[in-house]
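# Chains, contacts and geometry: an overview
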Amino acid sequence: MKKIANQIAGAALEEAVLAMLGASGFLALKDTSGDPTINPHKPAVTIRGRGAEHQIDAVADPIIDYAFSSPARLLIEAKAYREDRTVPLNVVRNAVGTIKDLSEFWGQSGPDDSETRRYHYRYAIFSTSKFSKPAQEYAFAQDVYLLPLRRSAFFLPVVESLDGIKTYFADDSNALGISITELRKELRKSIKDGLMANPLPGFEELVNAVRAVRHGLIAISNRQFPIFLVPENPEVLRNLNATERVKIVWDDNGWYLYRRDTNECLFSFDLPSELFQLYSTNGRLERWAALLLKSERLGVLRATHFDGNNVKLVTFKLDQNWLHSLMEMTPNE
């Protein structure tokens, strides 16, 4: 039953992430009519590839079209393993194979089948546990985006609710009672409306935890890799300036983004373990190394914020005066 429990928790995590990504301008795919890349006769989202069809349950389209590109489409996969289990290489390999197959499919659309349709696919894997070293190396080489979640303090209530769900369904005597596809529909509606028509053990806690933060921003760090910024509360996003000068701090629970002038905590986030290990010594991130990591990798974060009507680009700039003052106070050991 552990495999089933992980599948249930993974599906629930995908719905949580999908709901939160709306604030970054990625809207869950709803209307698939007239889309030749999707098989309308399957109960879940089934996308046609050149060689096979692929069931991708969490799919989002960006509201902003990229220049010099086919329409973009984001494919989301989520893993909710126990904390001590890593996401293995084969998960990323499967993602790379899926993207390749989907990208090579051309569909005909329009009243006379004169229009050609294809998408520029991106694949993001969110996880409540770490990614293995080979998985990270392969993902970085193949442009698959990995976003760890467990060491993001404001996302932790979501993780804890998922842990509870896994524990409950690991018991052979407990059954879901509905299909995972139906569970997704119920969760998607519940996260939006705040009510569960048929409450299931653990899922009310999940819905409440997601609704407490409501949003998440995808920030790009120094044009290198994405970071999932989780706000302390939904009001944070309403008051963001186009440019925010920030401090970045960390503790045993993860990383935080603070507004420099008011010292207001804005977001929490997690970082890939490979990046952490690059700067750590014997598994510990010493103070000087943490400052170098901030300076070299986290100096500028850019995120798109969509409030339901308008789109705004927000740039988070690490306050260099603050950083330099800390460096002067910290011996390079």
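Described in the following lines is the structure provided in the data block. This is a predicted model, so every value here is computed, not measured. (Residues numbered from 1 in each chain as written. Predicted model: local features only at pLDDT ≥ 70, side-chain atom pairs only at ≥ 80, totals over all residues. Heavy atoms only, no water.)

## Examining the overall build of the protein
When its secondary structure is counted, the protein shows ten helices and 16 strands. Compactness check: the protein gives a C-alpha radius of gyration of 20 Å against a globular reference of 20 Å for 333 residues, within 12% of the reference. Expressed along its principal axes, the backbone C-alpha trace of the protein runs to roughly 65 × 55 × 40 Å. Out of the 333 residues belonging to the protein, those deemed buried represent 50%. Counting only contacts in the protein whose residues sit at least 6 apart along the sequence, the fraction spanning at least 24 positions is 64%. When the accessible surface of the protein is summed, it comes to about 16500 Å², and 48% of that surface belongs to carbon and sulfur atoms. (Helix = DSSP H or I, 4+ residues; strand = E, 2+ residues; numbered from the N terminus. Rg over C-alpha atoms; globule rule 2.2 N^0.38 Å. Buried < 20%, exposed > 50% of the residue type's maximum accessible area, 1.4 Å probe, protein only. Contact = heavy atoms within 4.5 Å. Areas by Shrake-Rupley, 256 points an atom, 1.4 Å probe, with all protein chains shown as cover.)

## Digging into unusual backbone geometry
Despite not being glycine, aspartate 143 has its phi angle at roughly 60°, a positive value. Relative to the helices and strands, aspartate 143 resides in the loop between α3 (133-142) and β9 (145-148). By relative accessible area, which is 44% here, aspartate 143 ends up partly exposed.

## Considerations on helix α5 (residues 180-193)
Between its terminal C-alpha atoms α5 stretches 20 Å, which fits the 20 Å expected from 14 residues at 1.5 Å a residue. Among the residues of α5, Leu183, Arg184, Glu186, Leu187, Ser190 and Ile191 are the ones counted as buried. Buried residues of α5, viewed axially, fall in a sector of 170°; they line one side. In α5, the exposed positions angled more than 90 degrees off the buried face are occupied by Lys189 and Lys192. Those residues of α5 that are buried lie in contact with α1 (2-20) and α6 (203-213). (Expected span 1.5 Å × (residues − 1). Arc of directions from axis to C-beta.)

## A closer look at a positive patch on the surface
Together, Arg223, Arg245, Arg302 and Lys317 line one region of the surface with positive charge. Tracing the chain through its elements places arginine 245 in strand β12 (residues 243-251). (Patch = residues over 30% accessible without salt bridge, like charges linked within 9 Å, V, L, I, M, F, W, Y side chains within 5 Å. Salt bridge = Lys/Arg side-chain N within 4 Å of Asp/Glu carboxyl O. Lys, Arg positive; Asp, Glu negative; His and termini not counted. Charge placed at Lys NZ, Arg CZ, Asp CG, Glu CD.)

## What about the pairing of strand β16 (residues 311-318)?
Direction of pairing for β12 relative to β16: parallel, over a ladder of four bridges. What sits directly across from arginine 245, in β16, is lysine 317. Counting the residues between successive antiparallel strands, the hairpin from strand β15 (residues 300-306) to β16 contains four residues, one of them, glycine 308, with a positive phi of roughly 105°. (Pairing = 2+ DSSP bridges.)

## Thoughts on the side chain of serine 268
Tracing the sequence through the fold places serine 268 in strand β14 (residues 265-269). Separated by 2.7 Å, the side chains of serine 268 and serine 152 make a polar contact. Beyond its immediate chain neighbours, meaning those up to four positions away, serine 268 contacts Ser152, Ala153, Phe154, Phe155, Phe228, Leu229, Val230, Trp255 and Tyr256. (Polar contact = N/O pair within 3.5 Å; in protein donor to acceptor, adjacent residues only side chain to side chain.)

## Considerations on a nonpolar patch on the surface
Among the surface-exposed residues, Leu27, Ile63, Ile64 and Val311 lie close enough to one another that they form a single nonpolar patch of about 280 Å² accessible area. Along the polypeptide, isoleucine 64 turns up in the loop between β4 (58-62) and β5 (72-79). In this structure isoleucine 64 comes out as partly exposed when scored by relative accessible area, which is 38%.

## Describing the sheet that holds strand β11 (residues 225-231)
Strand order around the closed barrel formed by seven strands is β10-β11-β14-β13-β12-β16-β15, with mixed pairing between neighbours. Strand-to-strand twist of the sheet, defined as the mean angle between neighbouring strand axes without regard to direction, takes the value 35°. As paired strands, strand β13 (residues 254-259) and β14 are joined by four bridges and run antiparallel to one another. Note on β14: the bridge partner recorded for tryptophan 255 is phenylalanine 269. (Axes fitted to C-alpha atoms, helices over the stretch in contact; angles between N-to-C directions.)

## A short note on the sheet that holds strand β8 (residues 120-127)
Taken together, the five strands give an open sheet; going across it, the order is β1-β4-β5-β8-β9, and neighbouring strands pair in mixed fashion. Two strands lie at the open edges of the sheet, namely β1 (26-28) and β9, each paired on one side alone. Across the sheet, the mean angle from the axis of one strand to that of its neighbour is 30°, orientation sign disregarded. With three bridges joining them, β1 and β4 adopt antiparallel strand pairing. Residue pairing in the sheet places leucine 27 in a bridge with aspartate 61 of β4.

## Considerations on the packing of aromatic side chains
All told, the structure shown has nine aromatic pairs when counted by the stated rule. Taken together, a centroid distance of 6.2 Å and an interplanar angle of 50° make the contact between phenylalanine 169 and phenylalanine 203 tilted. Highlighted residues: phenylalanine 169 in helix α4 (residues 156-169) and phenylalanine 203 in helix α6, separated in sequence by 34 residues. Across this residue pair, the class does not change: phenylalanine 169 and phenylalanine 203 are buried. Pairing phenylalanine 267 with phenylalanine 316 gives two aromatic rings, centres 5.8 Å apart and planes at 85°, and the pair type is edge-to-face. Residue phenylalanine 267 is found in strand β14, and its partner phenylalanine 316 is found in strand β16; the two are separated by 49 residues along the sequence. In this pair, the class of phenylalanine 267 matches that of phenylalanine 316, namely buried. Counting every residue linked through ring pairs, the aromatic cluster contains Phe126, Phe155 and Phe228. (Phe/Tyr/Trp six-rings, centres within 6.5 Å; stacked < 30°, edge-to-face > 60°.)

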